[in-house]
Amino acid sequence: GEEVAQTPKHLVRGEGQKAKLYCAPIKGHSYVFWYQQVLKNEFKFLISFQNENVFDETGMPKERFSAKCLPNSPCSLEIQATKLEDSAVYFCASSQSSRVGTGELFFGEGSRLTVL
Amino acid sequence: DQQVKQNSPSLSVQEGRISILNCDYTNSMFDYFLWYKKYPAEGPTFLISISSIKDKNEDGRFTVFLNKSAKHLSLHIVPSQPGDSAVYFCAASADNTDKLIFGTGTRLQVFP
């Protein structure tokens with residue numbers, strides 16, 4: 001598609017439940033990035049993929065968070081046993097290359113996760 | 001440890017006047033700096049960027065200035081328009097790699 005598509009737009013989970021978010025990158029973009037924005041503050045980098053391979057996972061919490069990009073499927077970000085602090089807007093972005101300093105990173109509209 | 005800082009959470013400017021948004025950074029390894037604009041319920045959209053080898057980049061009404069010695073950059077919008085009302089995020093990357101480090105944003109309101 002012509003834009004990064006994220007689903008669902010809103011997701012509500014009770015503490016301890018699993019949450020799964022999806023992202024379809026722009027067609028032809030081989031890099032996918034996930035960012036977390038808590039309380040409208042700065043965007044925290046979580047993980048990036050080059051096609052189905054993890055490119056950089058230095059921002060991923062060691063526990064409970066996992067992500068995948070499988071061929072012919074939307075990418076996914078999964079949080080096991082959600083906690084209140086996981087409440088945030090999760091943004092997916094895609095790019096044709098890993099070099100995003102000149103602005104070739106395109107963001108989706110985000111998925112708002114609320115953990116009660 | 002916040003590497004990119006936007007110390008002004010909000011700014012209000014009259015239509016037609018200049019808007020100046022500021023950003024400070026601490027990491028001297030950053031070599032690209034970007035500004036993103038974000039409307040409510042939308043993802044951020046790229047506005048303008050500057051390489052660390054330059055001190056100014058201009059695109060229409062938008063100009064970004066970089067002062068490396070002060071580790072400071074600013075975004076100038078002139079003339080400001082009501083449609084410019086949004087949250088502006090400063091971001092930086094090191095070695096033009098995949099990781100953008102964002103500031104906390106400045107909410108700009110342009111009033112008639």
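Refer to the preceding data block for the structure.
Before going into details, it helps to say that this report is about the structure given with it.

Rules used throughout
Within each chain, residues carry numbers counting from 1 in the order of the written sequence. Each chain takes a letter, starting from A, and each ligand takes a number, starting from 1, following the order in which they are written. Thresholds applied to this predicted model are a pLDDT of at least 70 for local features of residues and 80 or more for the giving and counting of side-chain atom pairs; totals over whole chains, interfaces and linings are not thresholded and use all residues. Hydrogens and waters are ignored; side-chain quantities use all the structure's heavy atoms. The numbering of helices and of strands both runs from the N terminus, where a helix is a DSSP run of H or I of at least 4 residues and a strand a run of E of at least 2. Our radius of gyration looks at C-alpha atoms and nothing else; its globule reference is 2.2 Å times the residue count to the power 0.38. Exposure is judged per residue with a 1.4 Å probe applied to protein chains only, and the accessible area is read against the type maximum: over 50% gives exposed, under 20% gives buried, and values in between give partly exposed. In this description, contact between two residues means that some pair of their heavy atoms is separated by no more than 4.5 Å. To measure how exposed things are, a 1.4 Å probe is used in the Shrake-Rupley method; for residues, cover is taken only from the protein chains shown. Neither His nor the chain termini are counted; the positive set is Lys and Arg, and the negative set is Asp and Glu. Charge positions are represented by NZ for Lys, CZ for Arg, CG for Asp and CD for Glu. Paired strands, as defined in this entry, are two strands with at least two bridges between them according to DSSP. Buried surface area refers to the total accessible area, computed with a probe of radius 1.4 Å, that the two partners give up upon joining, counted for both partners together. Salt bridge, as used here, is a side-chain nitrogen of Lys or Arg placed within 4 Å of a carboxyl oxygen of Asp or Glu. Here a polar contact means two N or O atoms within 3.5 Å. Within protein one must be a hydrogen donor candidate and the other an acceptor candidate, and residues neighboring in sequence count only if both atoms are side-chain atoms. Only Asp, Glu, Lys and Arg are considered charged, only Ala, Val, Leu, Ile, Met, Phe, Trp, Tyr, Cys and Pro nonpolar, and every remaining residue, Gly among them, polar. The rule is short: rings of Phe, Tyr and Trp, with Trp giving its six-membered ring, pair when the centres are within 6.5 Å, and they are stacked under 30 degrees, edge-to-face over 60, tilted in between.

1. Notes on the overall build of chain A
Counting its regular elements, chain A contains 0 helices and 11 strands. Each helix and strand of chain A, placed in order from N terminus to C terminus, yields the pattern β-β-β-β-β-β-β-β-β-β-β. By the compact-globule yardstick of 13 Å for 116 residues, chain A fits well, its C-alpha radius of gyration being 13 Å. Reported as C-alpha extents along the three principal axes, the dimensions of chain A are approximately 35 × 30 × 25 Å. The buried share of chain A, reckoned over its 116 residues, is 46%. Sequence-distant contacts in chain A: of pairs separated by 6 or more residues, those separated by 24 or more amount to 54%. Total accessible area on chain A stands at roughly 6,100 Å², and carbon and sulfur atoms take up 49% of it. Here chain A carries 13 positive and 13 negative side-chain charges, and the mean point of each set is 4 Å from the other.

2. Considering the pairing of strand S7 (residues 62-67) of chain B
Residues and elements named next belong to chain B. Taken together, the 4 bridges between strand S6 (residues 56-59) and S7 define a ladder with antiparallel strand orientation. Bridge pairing links Glu58 to Thr63 in S7. Here S6 folds back onto S7, and the loop between the two strands holds 2 residues, one of which, Gly60, carries a positive phi near 65°. Summarising the sheet, S7 and strand S8 (residues 72-77) pair through 6 bridges and their orientation is antiparallel.

3. Looking at the interface of chain A and chain B
Across the contact, 23 residues belong to chain A and 23 residues belong to chain B. Carbon and sulfur atoms make up 56% of the surface buried where chain A meets chain B, a total of about 1,800 Å² over both sides. Run the count over chain A and chain B and you get 1 salt bridge. The closest approach of N and O atoms between Asp56 of chain A and Lys99 of chain B, which form a salt bridge, is 3.3 Å. Viewed at the interface, chain B and chain A are joined by 4 residue pairs in polar contact (both at pLDDT 80 or more). Those elements giving two or more residues to the side of chain A that touches chain B turn out to be strand S4 (31-37), strand S5 (43-50) and strand S6 (53-56) of chain A. For the side of chain A that touches chain B, the per-class residue count stands at 9 nonpolar, 9 polar and 5 charged.

4. Looking at the packing of aromatic side chains
Using the criterion set out here, one finds 17 aromatic pairs over all chains in the structure. With centroids separated by 6.5 Å and ring planes inclined at 80°, the aromatic side chains of Phe89 of chain B and Phe102 of chain B adopt a geometry described as edge-to-face. Taken together, the positions of Phe89 of chain B in strand S9 (residues 86-94) and Phe102 of chain B in strand S10 (residues 101-102) put the pair 13 residues apart, joining distant regions of the chain. Judged on exposure class, the residue Phe89 of chain B and its partner Phe102 of chain B are both buried. Of the aromatic side chains, those joined through ring pairs into one cluster are Tyr35, Phe43, Phe45, Phe91 and Phe107 of chain A together with Tyr36, Phe46, Phe89 and Phe102 of chain B.

5. What to know about the pattern of salt bridges
All names here are of chain A. What the rule picks out here adds up to 7 salt bridges over all chains. Notably, a salt bridge pairs Lys9 with Glu109, separated by 2.8 Å at the nearest N-O pair. A residue pair is termed long-range when its members are at least 10 positions apart, and Lys9 in the loop between strand S1 (5-7) and strand S2 (10-13) and Glu109 in the loop between strand S10 (106-107) and strand S11 (111-115) qualify at 100 residues. What makes Lys9 partly exposed here is its relative accessible area of 48%. Judged by relative accessible area, Glu109 falls into the partly exposed class, the value being 41%. Across the salt bridge formed by Glu78 and Lys20, the nearest N and O atoms sit 3.7 Å from each other. With Glu78 in strand S8 (residues 75-79) and Lys20 in strand S3 (residues 19-24), this pair connects stretches of sequence that are 58 residues apart. The class for Lys20 is partly exposed, based on a relative accessible area of 31%. Each member of the salt-bridge network shares a partner with another, and the members are Lys18, Lys20 and Glu78.

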